[in-house]
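# Structural overview for review
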Amino acid sequence: MEKRLKKNKNTESFNPGEELVIHEVSEIREKILQILTEEDALDLDLGGVTECDAAGIQMLISLIKYGKNRNKTISILNATDTVTKEMSELGFCPDELISRGN
């Protein structure tokens, strides 16, 4: 179950829940895009993700590009080993995509 929390004036925090998989990403992406119409920044908290596939990683990369093209900041926080492993298996460097120390 996803959670949406207001962090400060211009930043929202969103936790997509346990599944970042093909049958969930469309709905998750739409919710995130809605947040980005209202906010300048989004902290995407992946601390609860237990299942992740290529579609989930593709969505994350797509959202990061979307944000950059619109001067929005999307930070990926607390990514689980499940997420970082899938990123690595797909040829992405988790250290370049995930914000550390939060």
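Parameters at a glance
Residues numbered from 1 in each chain as written. Predicted model: local features only at pLDDT ≥ 70, side-chain atom pairs only at ≥ 80, totals over all residues. Heavy atoms only, no water. Salt bridge = Lys/Arg side-chain N within 4 Å of Asp/Glu carboxyl O. Helix = DSSP H or I, 4+ residues; strand = E, 2+ residues; numbered from the N terminus. Buried < 20%, exposed > 50% of the residue type's maximum accessible area, 1.4 Å probe, protein only. Expected span 1.5 Å × (residues − 1). Polar contact = N/O pair within 3.5 Å; in protein donor to acceptor, adjacent residues only side chain to side chain. Pairing = 2+ DSSP bridges. Contact = heavy atoms within 4.5 Å. Core = buried A, V, L, I, M, F, W, Y, C linked by side-chain atoms within 4.5 Å.

### Comments concerning the pattern of salt bridges
As enumerated under the stated definition, the model contains 3 salt bridges in all. Among the salt bridges present, the one from K72 reaches D40, with a minimum N-O distance of 4.0 Å. Taken together, the positions of K72 in the loop between α2 (54-69) and β6 (73-77) and D40 in the loop between α1 (22-38) and β4 (41-45) put the pair 32 residues apart, joining distant regions of the chain. For K72, a relative accessible area of 19% translates into the label buried. A salt bridge links E89 to K85; its shortest N-O distance comes to 3.9 Å. Of this pair, E89 and K85 both sit in helix α3 (residues 81-89), 4 residues apart, which is roughly one turn of that helix. We note that E89, like K85, is exposed.

### Regarding α2
For α2, built from 16 residues, the straight-helix expectation of 22 Å at 1.5 Å per residue is met to within 8% by its first-to-last C-alpha distance of 23 Å. Listed in full, the buried residues belonging to α2 are A55, G56, I57, M59, L60, I61, L63, I64 and G67. For α2, the N-terminal capping position is held by D53, with its side-chain oxygen 3.1 Å away from the main-chain nitrogen of A55. Backbone geometry just after α2 places N71 at a positive phi near 55°.

### Points about the pairing of β4
Among the 5 residues of β4, 4 are classified as buried, and the element is accordingly described as predominantly covered. Judged from the 4 bridges that link them, strand β2 (residues 11-15) and β4 form a sheet pairing that is parallel. Within the sheet, the bridge partner assigned to T11 lies in β4 and is A41. Examined bridge by bridge, β4 and β6 share 5 bridges and lie parallel to one another. Within β6, the position partnered with D43 by the bridge is S75.

### Remarks on the environment of E12
Position of E12 relative to the elements: it lies in strand β2. Using a relative accessible area of 5% as the deciding quantity, one classes E12 as buried.

### Notes on the side chain of K72
In terms of polar contacts, K72 uses its side chain to reach the backbone carbonyl oxygen of L36, at 2.6 Å. Not counting chain neighbours up to four residues away, the residues in contact with K72 comprise L36, E39, D40 and G67.

### Considering the nonpolar core
Among the nonpolar cores identified, the biggest contains 26 residues, and L20, I32, L46, L60 and V83 are the most heavily contacted of them. Of all elements in the fold, only α1, β4, α2, β6 and α3 reach the threshold of two or more residues within this core. With 7 residues, the single largest contributor to this core is α2.

### As for the environment of I64
Here I64 shows up in helix α2. The spacing of I64 and L97 is 33 residues in sequence and 8.7 Å in space, taken between C-alpha atoms. When residues no more than four places from it in sequence are discounted, the contact partners of I64 are I74, I76 and L97.

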